[in-house]
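Each chain is listed here by its residues.
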Amino acid sequence: ASDAATPGGGAAAGLAAATGAGLISMVGRLTLGKPGFEDIEDRMRAVTDRADAERGAFLELADRDARAFDAVLQAFRLPKQTDEERAARTLRIQEAYEGAAAVPLELAGRAVDLMEQAEDATAMGNPNTASDGYSAGSLLFASALAAMANVRINAAGLSDPAKGQALVDRCDALRERADALLGQVEEAFLLRLAT
């Protein structure tokens with residue numbers, strides 16, 4: 001909430017994704033070992049283990065995102081008095097923008113991937129935790145959108161239009177998949193309410 005440029009939206013996306021992963025783990029732990037869920041024990045353990053691993057990865061990505069954008073800010077502070085300095089500065093800015101786009105792109109991809117486990121947790125987990133599974137999917141979706149916004153804004157700073165468009169195209173594909181998965185998570189939640 002300060003006037004510092006970092007941590008910003010990309011780091012917040014990492015924290016939201018970590019929270020979503022934590023909720024998936026919670027659903028798993030509130031399902032494992034409970035009577036009536038013996039037949040899905042292995043699947044829920046796998047879902048829980050994956051969510052536990054991803055939670056740590058998302059927190060690391062939050063930190064990496066802040067460092068990546070700090071590199072952009074540092075590149076803009078480089079000297080630009082001579083032609084050589086200007087050329088070196090331009091190169092560093094472009095490299096920094098690429099790095100600042102790569103981190104949230106990884107975050108978005110991982111968040112969308114984990115939405116599948118949110119659906120499993122919602123559909124198969126302890127029905128009393130269905131809202132937590134749905135919340136996990138929603139947080140992962142929001143995280144992916146926030147991360148993709150950071151990809152797009154850094155891609156806009158690239159001087160190579162093909163590189164920028166490739167990043168935008170990857171975001172478009174991720175968004176399409178995220179939309180579909182969010183619909184599946186919501187459907188799983190509504191089915192649990194109906195039973």
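For the structure itself, look to the data block above.
The notes below deal with the structure included here. (Residues numbered from 1 in each chain as written. Predicted model: local features only at pLDDT ≥ 70, side-chain atom pairs only at ≥ 80, totals over all residues. Heavy atoms only, no water.)

What follows deals with the overall build of the protein. Counting its regular elements, the protein contains five helices and zero strands. A principal-axis box enclosing the C-alpha atoms of the protein has dimensions of 75 × 30 × 25 Å. When each of the 195 residues of the protein is scored for burial, the buried share is 44%. When contacts within the protein are restricted to residue pairs at least 6 apart in sequence, those whose partners lie at least 24 apart make up 79%. Of the charged side chains in the protein, 20 are positive and 30 negative, and the gap between their average positions amounts to 4 Å. (Helix = DSSP H or I, 4+ residues; strand = E, 2+ residues; numbered from the N terminus. Buried < 20%, exposed > 50% of the residue type's maximum accessible area, 1.4 Å probe, protein only. Contact = heavy atoms within 4.5 Å. Lys, Arg positive; Asp, Glu negative; His and termini not counted. Charge placed at Lys NZ, Arg CZ, Asp CG, Glu CD.)

Turning our attention to the pattern of salt bridges. Following the criterion strictly, the structure yields 15 salt bridges and no others. One salt bridge in this structure joins Glu41 and Arg45, with 2.8 Å as the shortest N-O distance. Of the two residues, Glu41 and Arg45 are both situated in helix α2 (residues 41-76); the distance of four residues between them amounts to about one turn of the helix. Of the charged contacts in the structure, one is a salt bridge between Asp113 and Arg177, with a shortest N-O distance of 2.6 Å. (Salt bridge = Lys/Arg side-chain N within 4 Å of Asp/Glu carboxyl O.)

Take the nonpolar core next. Within the largest apolar cluster, 49 residues are counted, with the highest numbers of intra-cluster contacts made by Ile24, Phe58, Leu107, Met115, Leu140 and Leu167. Taken together, the elements giving at least two residues each to this core come down to α1 (9-29), α2, α3 (83-124), α4 (130-155) and α5 (161-194). Beyond its immediate chain neighbours, meaning those up to four positions away, Leu107 contacts Gly10, Ala13, Gly14, Ala17, Phe58, Leu61, Ser143 and Ala147. (Core = buried A, V, L, I, M, F, W, Y, C linked by side-chain atoms within 4.5 Å.)

Here the focus is the environment of Arg77. The residue Arg77 is located in the loop between α2 and α3 in this model. According to the relative accessible area criterion, Arg77 is exposed, its value standing at 63%. Considered as a pair, Arg77 and Ile93 are 16 residues apart in the sequence and their alpha carbons are 9.7 Å apart.

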